Structure formats: structure tokens, C-alpha cells
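Letter by letter, the chains look like this.
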Amino acid sequence: MKTINEPARQVPVINEVDVLVVGGGPAGIMAAQAAAKVEGTKVMLIESRGFLGGNMTIGLPLLGFLGRKGNEIIKGLPLQFVERLREKGLATHHRACPLHVSLTMIDPEGTKRLCWQIMEECSVEVLMYVFCADVIMDGDMVKGVIIESKRGREAILAKTVVDCTGDGDIAYRAGAEMLYGNEKGIAQPPTLMFSMRGVDSLKLRNAVADHPETYDIDYIPNEFFRPMDNCTFVGFRNQVKKAREEGFKIPVERTIFMTGMAPDEWWVNMSRVNGIDATDPAQYTRGEQVCIEQNDEIVRYLKKYIPGFENAYVDRVAPFMGIRETRRIVGEYTLTEQDIFDCQRFDDVVAVASYPVDLHHPVGGDCSLYWCPDCYDIPYRTLLPKKIDGLIMAGRDISATHLALASVRVMGPAMCIGEAAGKAAALSVADGVSPRDLDVAKLQQALREEGVYFRP
């Protein structure tokens with residue numbers, strides 16, 4: 001590859017903070033809020049897009065707030081966030097679900113506004129439209145980041161950095177050991193969500209409930225869908241098969257769509273681009289193009305084969321693809337699928353999850369789900385990259401196997417992990433220690449005081 005040499009330059013330092021959170025998605029919002037609640041902590045959040053909320057803004061439900069026994073296991077700041085949305089009519093209740101354990105629908109635009117409101121309430125300084133171009137290192141210690149924007153290159157110094165990029169960008173640039181995808185290096189495929197309005201929801205629900213012999217649903221009894229309540233339809237394999245036989249090009253084996261906030265609104269989760277690396281902009285671009293083309297065909301399919309969609313129309317398209325998996329760190333501990341199935345407990349637990357291993361196959365168009373009997377712990381050590389100090393991870397870039405990540409990646413657990421990471425970052429600064437040397441019992445007590453759930 002041809003290369004050039006850039007001349008050396010002086011990079012202006014535009015800010016110095018205690019905790020810098022990189023990425024304003026579900027984990028990042030919780031991390032910034034949790035850090036700012038530690039008195040005297042100066043917190044900054046940077047985000048590459050022009051809005052806050054990340055995957056909470058693309059039409060997906062919040063998954064995993066309830067455990068397998070129907071009890072709330074996602075509490076603390078994430079639960080407070082949902083309750084504030086609900087007070088405004090911008091979120092639903094947590095509905096127990098035989099397939100996804102629980103579903104909580106949220107309004108994307110209302111979520112963006114609440115994220116901003118919380119950052120202002122906590123005096124978190126927010127800077128958007130900036131990309132992290134590099135990290136500032138002192139040996140193995142992260143000391144800040146270099147950002148790139150229309151103003152050029154600038155530096156932000158921080159005593160602790162929380163990587164909420166989803167792709168592990170900060171850890172990657174710091175030289176941390178990283179893994180990608182499955183044992184063959186192939187990640188779960190991304191999806192470009194879109195919503196349809198004008199759906200005759202009553203017709204849809206009654207057709208499915210009345211005719212299980214025609215409308216096959218994965219795992220969930222068809223009668224579950226009759227009430228006008230939160231739900232995700234996963235199935236209609238017979239309809240997909242029939243459509244393919246008649247020439248339709250459907251990229252997945254199952255039909256997946258879920259309720260929105262309006263009675264006639266349904267969000268569709270069916271596009272799929274296998275084998276792309278979402279950390280490569282050229283592949284990301286191609287993925288978006290392919291998803292747009294797939295969604296046109298999916299709309300035609302829904303209107304012809306799924307009752308209630310005959311007169312529906314596309315209302316909104318998500319602003320970006322939902323990325324299920326890219327890089328993840330090799331941490332002080334790696335969460336495994338066996339830990340999930342064994343409902344494992346850890347002395348350094350900082351979050352509890354119960355969502356199943358929900359694997360969208362890296363090759364092909366199907367999915368597999370595997371459930372744990374109850375809940376499992378997420379240990380603090382999974383947030384700490386080996387050999388790199390001054391850095392804490394949160395979200396889908398923590399240390400986990402490919403299968404374990406298929407459970408912990410969803411937004412409920414990610415928000416909990418974000419809260420723990422932000423709190424740990426602020427407490428590390430307050431105590432003058434590296435996150436690796438933080439007293440975990442002190443962190444756990446601070447999280448309990450914030451209402452975080454730990455198993456008795």
C-alpha cells in the first residue's frame with residue numbers, strides 16, 4: 001500500500017477532565033450520568049453523531065429489564081431513565097415475553113430529548129460531531145484522546161476514559177488485545193431498522209391468534225399476541241418460504257417486527273448483511289446500501305403476505321444500521337456462555353443480566369436463542385482491558401466470548417454496564433487509583449445506593 005508522511009504538528013488541548021466518556025449511546029449516557037453523580041467529578045461526553053441515545057433511537061425495544069422469574073433486574077439509573085420516559089407517555093411497561101424475556105418499547109425522538117436533559121441536569125459537558133482519531137498514552141496508561149472534526153485535530157486530557165464506542169475504538173487505538181466475531185473472525189450481521197404505519201394491528205393480532213396452523217410463530221403461543229400489548233413477532237417462516245418460491249428475495253429465514261408507540265406502528269428488523277466489518281467504512285457503506293435495497297423488498301413482502309400490512313407504508317428509517325458485534329477486548333476476565341447457562345455468581349459483580357444468548361448467525365439468515373434458568377452476574381474484570389490502564393469499557397465491547405456477547409450486547413445489560421463503568425471511573429479518580437486497583441466493594445456499595453440490583 002502506498003503511504004505518505006504527515007508533518008509533525010502541535011495539537012491544541014481543548015479540555016482537561018476527570019472522566020471522559022467516548023460514545024453517547026445507551027452505555028455512554030448511563031456512564032456519564034453515573035460519573036457525574038460522584039461529587040466534584042468533571043465529566044465530558046463526546047459523540048460522533050448529531051444526537052444522543054445511540055441504538056435507543058433506531059426503533060429497537062429495550063430488552064432484558066426483567067429476569068426469567070418476572071422480577072426487575074435492571075434497576076438504578078437505567079430504570080430511572082425508562083420511568084422518566086414512561087411519565088411522558090414515551091415508553092411502555094416491561095412486558096414479560098417467552099422468547100425475549102421482556103420487552104420495553106421507547107419513543108426514539110423522546111429518548112434523544114431525555115438524554116440531552118439528563119446531561120444538562122448533571123452538568124456533563126457534551127461535544128458532538130467529533131471522531132476519536134487517536135489516544136494519548138503514557139506507557140500503558142491512557143491519558144486522553146485526539147479528536148478530529150471540521151476544526152481539525154484537538155486533544156482532550158482525562159484522568160480516566162470510558163470506552164462506550166461499541167467497537168472498542170479507544171482500547172483498539174491504545175493497543176489493547178482485541179477479538180472480533182466468532183472463531184473464524186465473522187461477526188453477527190447488522191440490520192437497518194424501519195417503521196411502518198397504517199398497519200391494521202387488530203387484524204394482524206387476530207389472524208395470528210386464530211390461525212396458528214397458518215401463521216407459525218417461534219416458541220411463543222400464538223394467543224400471546226391477541227392483547228393490544230408490547231410484543232415482537234418472530235416467525236412466519238411459512239410465509240417467507242412461500243414468498244421465496246414466488247421470487248421474493250428475503251435475506252432472513254424469519255419475519256421479525258415489533259410494536260411501536262403508536263397503535264398502528266410496527267418496527268421491522270429483517271434486513272441483514274453477512275460478513276461485513278462495521279469498523280471498515282467502505283464495508284459499512286456497502287452494508288447500508290444493501291440494507292436499503294433489502295428493505296424495499298421486505299416492504300413488498302409484508303404487504304403481500306402478512307395480514308394487516310396491506311395498506312401500510314414506511315414512516316421512518318433508522319439513522320444508521322444496528323451493529324450487533326465488532327471488536328471486543330480481552331479483559332482481566334472473559335465472560336463465557338457457560339457462565340450464563342450456569343447463572344454464575346462473581347465476587348466482583350457490577351451488573352446482573354438474564355437475556356438469552358441471542359445469536360444472529362454470522363453465516364446464513366437464521367437465529368438461535370439459548371436461555372439461562374434465571375440470572376447471571378457480570379464481573380467488573382470484564383470491563384478492564386489487560387495491560388492497559390486508565391481505561392474502562394462499557395457496552396458490547398467488554399470481554400466476552402462470541403456466544404456470551406450475544407446475550408450481554410443488548411441495551412438493558414449495556415445500560416447497567418455503563419452505569420458501573422461510569423461510577424468506577426469517577427471513584428477511581430476520587431481515590432487517586434487506576435480502575436484496576438479500585439476497591440470493588442466500594443464500587444458495589446455506590447451502585448447499591450443508586451438502586452442497582454444485585455442477587456441476594
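Before reading on, note that the structure itself is shown above.
The following paragraphs examine the structure supplied in this document.

Parameters and conventions
Residues take numbers from 1 onward in each chain, read along the sequence in its written order. Local features in this predicted model are restricted to residues whose pLDDT is 70 or higher, and side-chain atom pairs enter the listing and the counts only when it is 80 or higher, whereas totals over whole chains, interfaces and linings include all residues. As a rule here, side-chain values come from all non-hydrogen atoms in the structure, and water together with hydrogens is ignored. Definition of nonpolar core: a set of buried residues of the types Ala, Val, Leu, Ile, Met, Phe, Trp, Tyr and Cys, connected through side-chain atoms within 4.5 Å. For each residue, the accessible area found with a 1.4 Å probe, counting protein chains only, is set against the maximum for its type, and the residue is called buried under 20%, exposed over 50%, and partly exposed in between. The way it works is that DSSP assigns letters per residue, a run of H or I at least four long becomes a helix, a run of E at least two long becomes a strand, and they are numbered from the N terminus. Any two strands are treated as partners once DSSP identifies two or more bridges connecting them. Here, two residues are considered to be in contact whenever any of their heavy atoms come within 4.5 Å of each other. For each structure, a 1 Å grid was placed over the protein atoms alone; sets of points admitting a 1.4 Å probe that cannot get out are labelled cavities, open sets with protein on both sides within 12 Å along at least five of seven lines are labelled pockets, and lining residues have an atom within 4 Å of a point. Grid points are joined across faces, edges and corners, and a volume is the space filled by probe spheres set on the points. Three categories are distinguished: nonpolar for Ala, Val, Leu, Ile, Met, Phe, Trp, Tyr, Cys and Pro, charged for Asp, Glu, Lys and Arg, and polar for the others, with Gly belonging to the last.

Before going further, it helps to examine the nonpolar core. Of all hydrophobic cores here, the largest spans 105 residues; its most connected members are L20 and Y380. Of all the elements, helix α10 (residues 411-431) adds the most residues to this core, at 11 residues. In terms of nonpolar packing, the next biggest core, distinct from the first, is built from 56 residues, L63, L103, M193 and A243 among them.

The strand order β3-β5-β4 describes an open sheet built from 3 strands, whose pairing is antiparallel. In this open sheet, the two strands that pair with only one neighbour each are β3 (62-63) and β4 (95-97). Looking at chain direction, β4 and strand β5 (residues 101-104) are connected through 3 bridges and run antiparallel. In the sheet register, R95 faces β5, and the bridge partner there is L103.

Attention now moves to the environment of P435. Note on placement: P435 falls in the loop between α10 and α11 (440-449). According to the relative accessible area criterion, P435 is buried, its value standing at 2%. The sequence separation of P435 and T382 amounts to 53 residues, and the corresponding C-alpha distance is 12 Å. Discounting chain neighbours no more than four positions away, the residues touching P435 are T160, Y380, L384, G390, L391, I392 and S428.

Further remarks concern the layout of surface pockets. In this structure, the second largest pocket spans a volume of roughly 160 Å³. M141, V142, K143, K159, T160, G390, S428, V429, G432, V433, S434 and P435 are the residues that line the second largest pocket. Going through the elements one at a time, β8 (141-149), β9 (152-163) and α10 are the ones with two or more residues in the lining of the second largest pocket. With 3 residues, β8 is the single largest residue contributor to the lining of the second largest pocket. Looking at the lining of the second largest pocket residue by residue, the class counts come to 5 nonpolar, 5 polar and 2 charged.

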